[in-house]
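Architecture and fold: a report
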Amino acid sequence: KGKEMQRSNSKANYIYSVVYQLLTVLTPLLTAPYLARVIGAEGAGIYSYFNNIASYFAMFGMLGLTNYANRYIARVRDDTGKLNYVFSSIYYMQVVLGILVSVLYIVYTAFFVKDNQNICWILFLPVLATIINLTWFYWGLEEFKITVTRSILIKFVTIVCIFLFVKEKGDLWKYCLILSAGTFCGNIPLFLLLKKYVKFVKVDVQDILVHIKPNLILFVPVLSVSVYRTMDKIMLGWLSTYSSVGYYENIDKIINICLGFITALGQVMLPKSANLVARGKIEESNRLIVKSFKFSTLFCSALVFGLISISDVFVPVFFGTEFLPSIGILMLLAPNLFLLAWGNVLKTQFLMPRGKDMAYIISTLLGAVINTVVNVMLIPIFSGIGAAIGTICAEFISLIYILWVIKSDFDIMKFFASVRYIVSGFIMMLGVVIVKQYVTVSLAGLFALIVTGAVIYAVECVILAYFKDDLLLEIMTIARKTIKHKLLRH
């Protein structure tokens, strides 16, 4: 009976996670076209620039708590006394860090921000929210329903408020307030529900300080990755214009939507890979890595070559003609999905399950350094294009380092079987480019190009399956069984 309840909870948690991921993907798809036309490139850039700065303050306020505290709470959750003590010691540390970071943010805004100071003050709310951000506690208890339900509700209210209150460029402050208030208010229910699960107790100062070192260690990769995921936009604001940040920001949203599907694969495969390694089934783990690498390449080839081929139609239709400079950025950042996908597979299925944490940290640090150097050199000359080149260089060097680390334990030549999917994607792109000569820059034209690309790629996959491509044969077999099962049920 207990096992049945456990399975039921796992399914429920999975459903909540899927719903939340879908909403995370749909939110920018729903709001980005509207906001691009209402607040424009400069407005989007101003928000992105100051929001990314605020996110750095918030990041330092949380350090590595998301992973560290989550695991710690999970270990002691069955012992009420230990749970109360551990929670209190971690949370007191979080409060001290949150207050310190909040004071620093106030000093930064009051003395160092010269323009758009009102926007900066509004964005203080997410920084202040780090003091009451208790997501880690509920994740440790596996109470996903609470956190996901709260997130879904906040996202829904945020979307409605954006369409109701943001009507013109002068409403930029309203847009910032809606998002900031959503972040802050979303954490209040988590704090109010605490008394149902835990209570505050008196703890020794030493037991608070002991959490700092492990949190700092886990914070290093978080900070490194953030440098070449968000620092681009901050450096664009420093070295170029707010409009350049806006052009880059909207393309980054599209790339992140695609990236969400890729990282989901890593999240699903990580525990399975770790389990195989723990049981000594290294060969089976290696076969799983190759399969995941091939699947990622198959998926990315459609996205990368599809985005490149439709970029000059997609950008004006989706974001408006003001964002035409974003076309070049999209064409450059689209191939980066390959690097992100391959890196994700190797990090989550090789480095992390086999305890190669230092290699993971070094790979992210290398990427951060390369990205910063290239950005400083190219952003003043090429603006958003320079930032895109910096990101690609960072991911490329990071991937090369990981391949160098694993080469003695893994036959990396097996990855080259994935080239056939890249060739298929390139052929699809040529087909779409030919059809593009006969369509207009409109929603109907964009839809026609997407359908054309999908049909060409699907036909190519069927042909590859005919020539005994094991991955595609497996996908087609699963699809046939699923369809047959559904038909029999009806």
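See the structure printed just above.
Per chain, the residues get numbers from 1 upward, laid out in the order the sequence is written. Given that the model is predicted, a residue must reach a pLDDT of at least 70 before its local features are reported, and side-chain atom pairs must reach 80 or more before they are shown or counted; all residues, however, enter totals for whole chains, interfaces and linings. Each side-chain value is worked out from all heavy atoms of the structure, with water and hydrogens disregarded.

**A few points about the overall build of the protein**
A run of H or I in DSSP becomes a helix once it reaches four residues, and a run of E becomes a strand once it reaches two; helices and strands are each numbered from the N terminus. The number of helices and strands found in the protein is 21 helices and 0 strands. The 490 residues of the protein split such that 49% are buried. A contact between two residues is defined here by any heavy atoms of the two lying within 4.5 Å. Sequence-distant contacts in the protein: of pairs separated by 6 or more residues, those separated by 24 or more amount to 82%. All accessibility values rest on the Shrake-Rupley procedure with a 1.4 Å probe; residue burial counts only the protein chains present in the view. Working note: accessible area of the protein is about 24,400 Å², and carbon and sulfur atoms make up 70% of it. Only protein chains enter the accessibility calculation, which uses a 1.4 Å probe; a residue whose area is less than 20% of its type maximum is buried, one above 50% is exposed, and one in between is partly exposed.

**As for the nonpolar core**
The nonpolar side chains of a soluble globular protein tend to be buried with one another. Counting residues in hydrophobic clusters, the biggest one holds 132 residues, and the most contacted among them are Phe50, Trp136, Phe137, Phe319 and Ile406. For this core, the element with the most residues is helix α14 (residues 282-318), which contributes 15 residues. Here Phe319 is in contact with Ala32, Ala36, Arg37, Asn250, Ile251, Ile254 and Phe314, once residues within four sequence places are set aside. Among the buried residues, those of types Ala, Val, Leu, Ile, Met, Phe, Trp, Tyr and Cys that are joined through side-chain atoms within 4.5 Å form a nonpolar core.

**Quick look at a nonpolar patch on the surface**
A patch consists of residues exposed above 30% relative accessible area that lack any salt bridge, with like charges linked at up to 9 Å and nonpolar side chains (Val, Leu, Ile, Met, Phe, Trp, Tyr) linked at up to 5 Å. A carboxyl oxygen of Asp or Glu within 4 Å of a side-chain nitrogen of Lys or Arg is what we treat as a salt bridge. A cluster of nonpolar side chains, Phe447, Val451, Val455, Val459, Ile463, Tyr466 and Phe467, forms an exposed patch at the surface whose accessible area comes to about 760 Å². Within the fold, Tyr466 resides in helix α20 (residues 443-466). Note on Tyr466: relative accessible area 64%, which makes it exposed.

**Observations regarding the environment of Val451**
The residue Val451 is located in helix α20 in this model. Using a relative accessible area of 36% as the deciding quantity, one classes Val451 as partly exposed. Along the backbone, Val451 and Val432 are 19 residues apart, and their C-alpha atoms lie at a distance of 9.4 Å.

**Details of the packing of aromatic side chains**
Pairing of aromatic rings covers Phe, Tyr and Trp, the last through its six-membered ring, and needs centres within 6.5 Å; plane angles under 30 degrees mean stacked, over 60 mean edge-to-face, and all others mean tilted. Evaluation of the coordinates by the stated rule reveals 34 aromatic pairs. Arranged with centres 4.9 Å apart and planes meeting at 55 degrees, the rings of Tyr34 and Phe163 form a pair that is tilted. Of the two residues, Tyr34 sits in helix α1 (residues 2-38) while Phe163 sits in helix α8 (residues 144-165), which places them 129 residues apart along the sequence. Given a relative accessible area of 22%, Tyr34 falls into the partly exposed group. You can call Phe163 partly exposed: its relative accessible area is 32%. Taken together, the ring pairs connect Phe87, Tyr91, Tyr92, Trp136, Phe137, Tyr138, Phe191, Tyr197 and Phe200 into an aromatic cluster.

**Describing the pattern of salt bridges**
Between side chains of opposite charge, a pair can form as their charged atoms come close. Per the counting criterion, the structure on display carries 8 salt bridges. One salt bridge in this structure joins Asp171 and Lys174, with 3.3 Å as the shortest N-O distance. Judged by its relative accessible area of 28%, Lys174 falls in the partly exposed class. Of the charged contacts, one joins Lys356 and Asp409 as a salt bridge, the two residues approaching to 4.0 Å between their closest N and O atoms. Note that Lys356 is positioned in the loop between α16 (336-351) and α17 (357-382) and Asp409 in the loop between α18 (384-406) and α19 (419-436), a separation of 53 residues in sequence. When salt bridges with common partners are traced through the structure, they connect Lys233, Glu249 and Asp252 into a single cluster.

**A word on unusual backbone geometry**
With a phi angle near 55 degrees, Asn116 is a residue other than glycine that sits in the positive phi range. Within the element layout of this structure, Asn116 appears in the loop between α4 (80-112) and α5 (117-122). With a relative accessible area of 23%, Asn116 lands in the partly exposed category. The backbone phi angle of Lys468 is positive, close to 65 degrees, even though this residue is not glycine. Relative to the assigned elements, Lys468 resides in the loop between α20 and α21 (470-489).

**As for α4**
The periodicity of an α-helix, 3.6 residues per turn, causes residues three or four positions apart to be oriented the same way. The span one expects for a helix is its residue count, reduced by one, times 1.5 Å. For α4, built from 33 residues, the straight-helix expectation of 48 Å at 1.5 Å per residue is met to within 8% by its first-to-last C-alpha distance of 46 Å. Capping the start of α4 is the job of one residue whose side-chain oxygen sits 3.1 Å from the backbone nitrogen of Gly81: Asp79. A 3.5 Å cut-off defines polar contacts: any pair of N or O atoms within that distance qualifies, except that in protein one atom must be a possible hydrogen donor and the other a possible acceptor, and neighbouring residues in sequence count only when both atoms are side-chain atoms.

**What about the environment of Met331?**
Note on placement: Met331 falls in helix α15 (residues 326-333). Relative accessible area serves as the criterion here: at 38%, Met331 is assigned to the partly exposed category. Spatially, the C-alpha atom of Met331 lies 9.1 Å from that of Asp312, the residues being 19 residues apart in sequence. With residues near it in sequence (within four places) discarded, Met331 still touches Ile308 and Ser311.

**So, α16**
For α16, spanning 16 residues, the distance from its first C-alpha to its last is 21 Å, which sits close to the expected 22 Å at 1.5 Å a residue. Of all 16 residues that make up α16, 16 are buried, and the element is covered over most of its length.

**Here's the deal with the side chain of Arg150**
Tracing the sequence through the fold places Arg150 in helix α8. Among the residues examined, Arg150 registers a relative accessible area of 16% and is labelled buried. A polar contact is formed between the side chain of Arg150 and the backbone oxygen of Gly186, at a distance of 3.2 Å. Filtering out sequence-adjacent residues up to four positions away, Arg150 remains in contact with Thr135, Gly186, Asn187 and Leu190.

**Topic: the side chain of Ser151**
Following the sequence through the fold, Ser151 ends up in helix α8. The class of Ser151 is buried, set by a relative accessible area of 12%. Only 3.2 Å separates the side chain of Ser151 from the side chain of Arg150, close enough to count as a polar contact.

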